[in-house]
Amino acid sequence: MNQQFEYINPQSLDEAVKLAGQGSVYAGGTDLLGLMKNDIAHPQRLVNLKALPELKAVERQKGKGLRLGALVTLNELAENEMLQKDFPAISQAAGSAASPQLRNVGTLGGNLCQRPRCWYFRGDFDCLRKGGATCFAMDGENKYHCVVGGDGCYIVHPSDMAVALLALEAKLEIYGPGGQRLLPISHFYVLPEDDPTVETVLQPGEIITSVIVPEQPVGSRSVFVKFRERSAWDFAVVSVAAALQVQNGAISGGKIALGGVAPVPWLDKKLNNTLAGTALDENGINKIAASALTDAEPLEQNGYKVILARNMIKGVLQSLAG
Ligand SMILES: Cc1cc2nc3c(=O)[nH]c(=O)nc-3n(C[C@H](O)[C@H](O)[C@H](O)COP(=O)(O)OP(=O)(O)OC[C@H]3O[C@@H](n4cnc5c(N)ncnc54)[C@H](O)[C@@H]3O)c2cc1C
Ligand code: SF4
């Protein structure tokens, strides 16, 4: 389909917000253009965020943590030496996403807001997420779909960055027609039970301007690992991000987030409640891994994800213990 749209370079963030209300913001375009080509997105106006260089900064302020501009590319995050040293989960997640070419163009904000990869959604199927009446994955090809949190729609959220940032308890700075708001990333994504047609709480005209990552307590360690079917540029089948504090051989605080298992980046309650006070020895690691996804309800083809996630959690904890 030949789509007509206007393409605008705003002069300021305020102008971008005003114009984006009746269109879509455009960052690297690596997801949005695919959605337009596949006849899923039909914006009448693209508001080019790249015209706003103030969204491109990586800053670290003592006591306040990190501020990552929404326009920072995945490649810049992967190659930043300060992040590699002090926030490795961020650079590891960025470096594992997509291909080198896509990482050069794809931005942090776009990565967090990309739409799901469910092949029915991306294909010519009028499924629930596109306003139809049915989920075709529920009784169809569901090997890569979610095992928990699905309710009518069984997507997994595709963003690797979101999983790492959830473990690090990041917040999103959002600017829109109603002014600025700061939202924990744990409140950003929407479960199908609340609304199966959107993935985030962003309102028309709202733009993520930056991601704030709190300074991690002394002794914290973070890591992101991802299992993919092909060795390069593939979305996570399952991913695990941990940002944990360890004292005297036991976990004293922090979080583990899971990707590839739920429609949103997932903070499994039982898993996270098991962390504090548990020793990082074989028994403790087995106990923590076994507490993950106990309420999973896999579909016909994806029960393997529960075992895979638990084994990946074990591997992550062993690496942090070593
Ligand atoms: C072949 C392929 C493989 C991939 N593999 C992976 C992978 O393994 N892991 C992974 O995490 N991702 C993967 N991706 C996704 C890729 O990382 C994203 O397409 C990219 O990060 C999106 O960034 P962008 O700047 O190009 O976003 P765009 O395409 O410009 O925008 C995407 C969406 O976000 C919105 N948006 C963009 N910026 C903002 C903002 N600041 N505020 C509010 N809304 C905004 C846009 O309106 C649009 O709806 C893959 C993509 C492809 C095509
Ligand atoms: S899982 Fe969601 S996006 Fe995929 S077919 Fe079902 S309703 Fe559509």
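Quick notes on the rules
Residues numbered from 1 in each chain as written. Chains lettered and ligands numbered in written order. Predicted model: local features only at pLDDT ≥ 70, side-chain atom pairs only at ≥ 80, totals over all residues. Heavy atoms only, no water. Helix = DSSP H or I, 4+ residues; strand = E, 2+ residues; numbered from the N terminus. Rg over C-alpha atoms; globule rule 2.2 N^0.38 Å. Buried < 20%, exposed > 50% of the residue type's maximum accessible area, 1.4 Å probe, protein only. Axes fitted to C-alpha atoms, helices over the stretch in contact; angles between N-to-C directions. Parallel < 35°, antiparallel > 145°, perpendicular 65-115°, else oblique. Contact = heavy atoms within 4.5 Å. Nonpolar A, V, L, I, M, F, W, Y, C, P; charged D, E, K, R; others polar. Near = heavy atom within 4 Å. Polar contact = N/O pair within 3.5 Å; in protein donor to acceptor, adjacent residues only side chain to side chain. Areas by Shrake-Rupley, 256 points an atom, 1.4 Å probe, with all protein chains shown as cover. Left-handed = near helix turned anticlockwise from the far one by under 90°. Pairing = 2+ DSSP bridges.

A. Structural detail: the overall build of the chain. The number of helices and strands found in the chain is twelve helices and eleven strands. Here the chain has a C-alpha radius of gyration of 19 Å; the compact-globule value for 322 residues is 20 Å, and the two agree. Overall size of the chain, expressed as C-alpha extent along the three principal axes, is 60 × 50 × 35 Å. Across the 322 residues in the chain, those meeting the buried criterion constitute 52%.

B. Broad picture of the packing of helix H5 (residues 88–96) against helix H9 (residues 160–167). At their nearest, the axes of H5 and H9 sit 8 Å apart, and the two run at 170° to each other. One way to sum up the angle between H5 and H9 is to call them roughly antiparallel. Touching Ala89, Ile90, Ala93, Ala94 and Ser96 of H5 are Asp160, Met161, Ala164 and Leu165, all from H9. Within the contact of H5 with H9, the residues separate by chemical class into seven nonpolar, one polar and one charged.

C. Molecular detail of the site of ligand 1. Taken together, 31 residues surround ligand 1, and among them Val25, Gly28, Gly29, Thr30 and Thr107 come closest. Between Gln114 and ligand 1, the recorded distance is 3.3 Å, taken from a side-chain N or O atom to a nitrogen atom. When ligand 1 is considered free in solution it has 960 Å² of accessible area, and contact with the protein chains removes 92% of it. Looking at the shell around ligand 1, the elements with two or more residues in it are strand E2 (24–26), helix H7 (108–113) and strand E8 (207–213). Residue contributions to the shell around ligand 1 peak at four residues, all from H7.

D. Quick look at the packing of helix H11 (residues 282–290) against helix H12 (residues 304–321). In contact at an axis separation of 9 Å, H11 and H12 are set at 145° when each is read in the N-to-C sense. Crossing of H11 against H12: the hand is right-handed. Here Ile285, Asn286, Ile288, Ala289 and Ala290 of H11 come into contact with H12, specifically with Arg310, Ile313, Lys314, Leu317 and Gln318. Residues of the contact of H11 with H12, tallied by class, amount to six nonpolar, two polar and two charged.

E. A look at the site of ligand 2. Taken together, 13 residues lie around ligand 2, and Cys118, Cys127, Cys135, Cys153 and Tyr154 are the ones closest in. Of the residues belonging to the shell around ligand 2, the class tally is eleven nonpolar, one polar and one charged.

F. Spatial organisation of unusual backbone geometry. Not every positive phi belongs to a glycine, and Asp39 is a case in point at roughly 65°. Even without being glycine, Ala98 reaches a positive phi, approximately 55°. Within the fold, Ala98 resides in the loop between H5 and helix H6 (100–105). According to the relative accessible area criterion, Ala98 is partly exposed, its value standing at 28%.

G. Seen up close, the pairing of E8. Most of E8 is tucked away: seven of the seven residues are buried. Here four bridges tie strand E5 (residues 65–69) to E8, and the two strands are oriented antiparallel to one another. If you follow Gly69 over to E8, its bridge partner there is Ser210. In this structure, strand E6 (residues 171–176) lies alongside E8, joined through five bridges in antiparallel fashion. Within E8, the residue paired with Leu172 across the bridge is Val211.

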